[in-house]
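Notes for the structure review
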Amino acid sequence: MSNWREPNRVNTSRSMILMAVGAVAGLMLAGYALFTARGTSTLFVPPEDVALVNQQPISRSDFLLQLQTLFGVDIAHATTEQRRQVLNEMIREELFVQRGKELDVASTDPDVRSAMVNAVELEIAADAITTQPSDAALVDYYKAHTEKYSREGLMTVHDYVFPKDALDQARRAASDLRSGRVRPDAVAQLGAKESPIVGDEQFYFAARIHLGPVLFDAARALDNGAASDPITVGDTVHVLLMTNNTRPLPLSFSEARDQVLNDFRRDAINHMRLGDEAFLRKRANILIADDLR
Amino acid sequence: MHMRAGLLIVLGVLSVLAIGVHRERMGARLLRSDPDTLAADPSLYQFALAGGKSVFNARCAGCHGEDGRGDPARGIPNLADDDWLYGEGLVSDIERIVMHGIRSNDPKAWNLAHMPAFGRDRTGVQDGGFPSLTPQQIRDVVEYVLSLEGRPASAPSAERGAKVYKMDGGCYDCHSDDARGNPAIGAPNLVDRVTLYGDGSRQSLFDSIAYGRSGVCPAWDRKLSPLAIREVAVHVFSLSHIAPLDAARL
């Protein structure tokens, strides 16, 4: 024992004791890891779970949610019978899910296949959803897609409709409207009928639907108070009078940030999904029938 | 000298082990406790707060800010007031949001509702079947909302807006007949003057109705442990609730 505290001298007792301490510590750590680590068989239910069914956990949060959904109570107010019923239902579900895996239900049931595809896509998307992009990255994205971020344009336009053979009256009406020689409500005297589906203030998209693409393109080019040249569409001739045209206003980055973030994440998710799909295809052994190659 | 150093090392190792065991036991206790009554246990509550703050700063403060007060300009909700969009602000409600998120693609998330864009082409849009509104109809609804909040509004326009709210716009479907919202689907209360997006001006209300809103909170159940989720839920709860120890002193 005399050289027990002198590390530069050999001491058999010290070596044996330290080795024993190391072995005991190692065994303790291994035992702890063996019975608590995920993916290994354990005799203890982890605190975040309420049960283990063939080592598959039933999570406590799912249990609480199920309790709330079925009985409208939290765990503090649930009766023993309610808790037992919910737990039994969840254990039954887990047993059937495990049996379903054994039976390879996914190979035959389209709903199961669809659910599995969704779950894998969600797993792939998790990184993109939980990553908070920097403002600089969002600004770059916004600048690259500015056309997506604008307020809808507004227009109040009158559409005067002439018969196809009244092109001269239509020309006169357009000229009179431009010069102010005729009030808009007197255009009917020139043989026109005003279309009832426009005339009130509308969003651009609604005006496009109501006027059709040809007339809408002509209308949106008009400034306030301007009248169009006669436009022939099918069997009719149209003269448009623009009362108010508020063109789409781009949203600033701060106004559009919420939408930019959603679009940025959606693109990131799609990118990751495509990447994962490419990886899965690359490592898969896919054989295609001759007639479909 | 060597003996003393060895003893200190052993004591250090034992202390670390003791702290680890204590944390493990407290963590297990925290997870097994009823989330909505654990605030009554000061030691457990303080333990959760200690861990929750750092998780919050690492994962949530990027949007909500370190003080949790959010940013209305970006539609980030204030977590420090008593206005809850989803649920009633219980620890279990908050925990569910942290775990599964809001419109996060997680099947267990709050995905049911979003604010439709009534000023966009809604042809073929499958979110309630309500049609687009005209700009005037949207302005009328804005006046109606202002009148509900007790703010100055054009009475004839608000009257027309009430009809749109209850008929064409279908606003009642989510925000309920009395416009007090529905926490079961995250539909905001429109009479309380708490504005989630923007400054509550006519323009920002118009933009919300015309262009829609659908904020996202990520699901963290694949990124955080159940203990970290419980801790951060308690931390968020504490932002709007008086701590049990402080409450006892009042």
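Notes on the structure follow.

Reading the values: rules and limits
Residues numbered from 1 in each chain as written. Chains lettered and ligands numbered in written order. Predicted model: local features only at pLDDT ≥ 70, side-chain atom pairs only at ≥ 80, totals over all residues. Heavy atoms only, no water. 1 Å grid on protein atoms, 1.4 Å probe; cavity = no way out; pocket = protein on both sides within 12 Å on 5 of 7 lines; lining within 4 Å. Points joined across faces, edges and corners; volume = space filled by probe spheres on them. Helix = DSSP H or I, 4+ residues; strand = E, 2+ residues; numbered from the N terminus. Salt bridge = Lys/Arg side-chain N within 4 Å of Asp/Glu carboxyl O. Buried < 20%, exposed > 50% of the residue type's maximum accessible area, 1.4 Å probe, protein only. Pairing = 2+ DSSP bridges.

1. Notes on the layout of surface pockets
- Space inside the second largest pocket adds up to approximately 1600 Å³.
- Lining the second largest pocket are 46 residues, with S59(A), D62(A), K108(B), D221(B) and R222(B) sitting closest to its centre.
- Sorting the residues of the lining of the second largest pocket by element identifies β2 (56–59), α2 (60–71), α3 (80–102) and α4 (110–130) of chain A together with α4 (91–100) and α9 (226–240) of chain B as the ones contributing at least two each.
- A per-element tally of the lining of the second largest pocket places α4(A) first, with 9 residues.

2. Details of the pattern of salt bridges
- Under the criterion given, the structure shown has 29 salt bridges over all chains.
- With a shortest N-O distance of 2.9 Å, D62(A) and K108(B) are connected by a salt bridge. Of this pair, D62(A) sits in helix α2 while K108(B) is found in the loop between α4 and α5 (135–148), placing the two residues in two different chains.
- Owing to a relative accessible area of 36%, K108(B) belongs among the partly exposed residues under this scheme.
- For D223(A), the salt bridge goes to R247(A), with nearest N and O atoms at 3.2 Å.

3. A few points about the pairing of strand β3 (residues 154–163) of chain A
All names here are of chain A.
- Burial within β3 is extensive, with 8 of its 10 residues counted as buried.
- The pairing of β3 with strand β5 (residues 202–203) spans 2 bridges and is classified as antiparallel. Paired with L154 across the strands is F203, a residue of β5.
- Taken together, the 10 bridges between β3 and strand β7 (residues 236–246) define a ladder with antiparallel strand orientation. When the bridges of β7 are listed, F162 appears paired with V237.
- With 2 bridges joining them, β3 and strand β4 (residues 193–194) adopt antiparallel strand pairing. Bridge pairing links V161 to K193 in β4.

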